[in-house]
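Residue strings, one per chain:
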Amino acid sequence: AVVSTQSTGEDKVIEKQFKKDFADVDAFTLDILAKLYKRRPKVTKQKIVTNEATARSSNPFHVKVEDPDKAFLEAMSELDSDIHRPDILEADTWERFIEARSFKVESELKVKHHNQKIQDLNNYLQRLGEEDDAMKCRIEKAFQQLNDLRERKLRFLLNLEIQLLLKQGQVEVDPGVFSTKFEQALLIHRSVIEDLNSQIVTLGEAKVSAMVDCKDYYKNIHLLEWEHEKMMMEGEDLNTKTRDIQTLRVTKELQVFLFAENNQQRMQKEIQTLEKTIKLNENMHKRKVSDKKRILDRLNALIREKESECGVLDAELKELAVSLVERQQIQEACVADLTPAANQRMKDIVARRKLVDLAKSQSQEVAVLRAEVERLRMKTFPALVQNN
């Protein structure tokens, strides 16, 4: 890689040196020379012929190839002939140009050879890497097969069928439908299970203690929140009381209470006055109750009297209704027996009309009497009036 880089650098230096070497010619001629300097013949690529014996050999670059540079150099020699020389160039300038171009072609071929060698080495390295990966895979598969064989051998030596007599509760394999399968079962010592159970109990107790601590912690939080809310409500209550005291109207009685020297005697006098007032109100209440009882007795007697009168009126109403029915029947019988007469019929109609009016008036009087009885009865109930 270092040699290829050096060759590429030298080739670029040679290309830059070309214009300096032909600085004595004019610009037009230099332009023509630069085009001819970069011109290269087109050569068909030759097929590489490999042999199986050489492919299997240790040298990866041992291939039987016809030299492609030979055709290229022959084509370049044809370009160096005087036929391709421009008319404006002199012979010595043309020879100098051919020498410079030949040197440049040799440098390009050298760079090309180095690049081809690097590419072949990279291909060879890639093929070796692929072979190495394939070999590693084969080695891993071989080791895996060897380990599997060892495990099978160990399982064959240790996995023996034995018959064990176990108590009920020591077998924790789920029973099958028809028979219990113990292929995947493990025989564990009792001490291991007991240690595991003790660890489970220890972890459970630790979890319970942690939950209790968490509960107490949240309990304290709720208690503090409750106390905070209580203090806030007490503060609001005190603010309300303060506002009530500030807005309290100071009356004469309140001034007397505040500025009196002996409030106890004044309170005793007020209590005695209130007791006398209560006794007086009790006596007045008793008198009013006795008066109301006398009024109630009178009203009861009046109610009984009115009820007897209502009974008499009801009996008379029934007799009138019976007589009315009898008169209607008699009237109907007379009308059926006698020959129809206009005057007699008018008289019967008038008589019947009078009887109907009489029955209506009597029924209205009965309704009025009943309403009066009901009103008097309602008056007999005691009315408790609050005394201011």
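Bear in mind the structure is a predicted one, so any value in this text is a computation, not a measurement.

### A look at the overall build of the protein
The helix and strand inventory of the protein stands at nine helices and zero strands. Ordered by position from the N terminus, the helices and strands of the protein form the series α-α-α-α-α-α-α-α-α. Within the protein, the fraction of its 388 residues that count as buried is 11%. Taking the intrachain contacts of the protein between residues at least 6 apart in sequence as the baseline, contacts between residues at least 24 apart amount to 67%. Surface accessibility of the protein: about 34,400 Å² in total, with carbon and sulfur atoms responsible for 57%.

### Comments concerning a nonpolar patch on the surface
A cluster of nonpolar side chains, namely Leu160, Ile162, Leu164, Leu166, Val171, Phe182 and Leu187, defines an oily patch on the protein surface of about 730 Å² accessible area. Note that Phe182 resides in the loop between α5 (91-158) and α6 (190-246).

### Let's talk about the packing of aromatic side chains
Summed over the entire model, instances satisfying the criterion amount to one aromatic pair. Between Tyr217 and Tyr218, the aromatic rings sit 5.8 Å apart at their centres with planes inclined by 75°, giving edge-to-face as the arrangement. Judged by relative accessible area, which is 54%, Tyr217 ranks as exposed. For Tyr218, a relative accessible area of 46% corresponds to the partly exposed category.

### A short note on the pattern of salt bridges
Within this structure, the stated rule accounts for eight salt bridges. Taking the shortest distance from any N to any O, the salt bridge between Lys306 and Glu309 comes out at 3.9 Å. Here the residue Lys306 and the residue Glu309 both occupy positions in helix α8 (residues 263-337), the gap between them amounting to three residues, near one helical turn. Given the relative accessible area of 25%, Lys306 is considered partly exposed. Under the relative-accessibility criterion, Glu309 is labelled partly exposed at 35%.

### Concerning the confidence of the model for the protein
When pLDDT is averaged across the protein, the result is 78; 71% of the residues are at 70 or more. Taking the mean pLDDT of every element in the protein, the minimum, 43, falls on helix α3 (residues 52-56) and the maximum, 93, on α6. Counted against residues more than four places away or in other chains, residues 47-58, with its pLDDT under 50, gives eight contacts. This stretch, residues 383-388, has a pLDDT under 50; its non-local contacts, to residues over four places away or in other chains, come to one contact.

### A short note on the environment of Leu296
As for its placement among the helices and strands, Leu296 is situated in helix α8. Once the C-alpha coordinates of Leu296 and Arg377 are considered, the two residues, 81 residues apart in sequence, prove to be 9.6 Å apart.

Conventions adopted
- Residues numbered from 1 in each chain as written.
- Predicted model: local features only at pLDDT ≥ 70, side-chain atom pairs only at ≥ 80, totals over all residues.
- Heavy atoms only, no water.
- Helix = DSSP H or I, 4+ residues; strand = E, 2+ residues; numbered from the N terminus.
- Buried < 20%, exposed > 50% of the residue type's maximum accessible area, 1.4 Å probe, protein only.
- Contact = heavy atoms within 4.5 Å.
- Areas by Shrake-Rupley, 256 points an atom, 1.4 Å probe, with all protein chains shown as cover.
- Patch = residues over 30% accessible without salt bridge, like charges linked within 9 Å, V, L, I, M, F, W, Y side chains within 5 Å.
- Salt bridge = Lys/Arg side-chain N within 4 Å of Asp/Glu carboxyl O.
- Phe/Tyr/Trp six-rings, centres within 6.5 Å; stacked < 30°, edge-to-face > 60°.
- pLDDT = per-residue confidence, 0-100.

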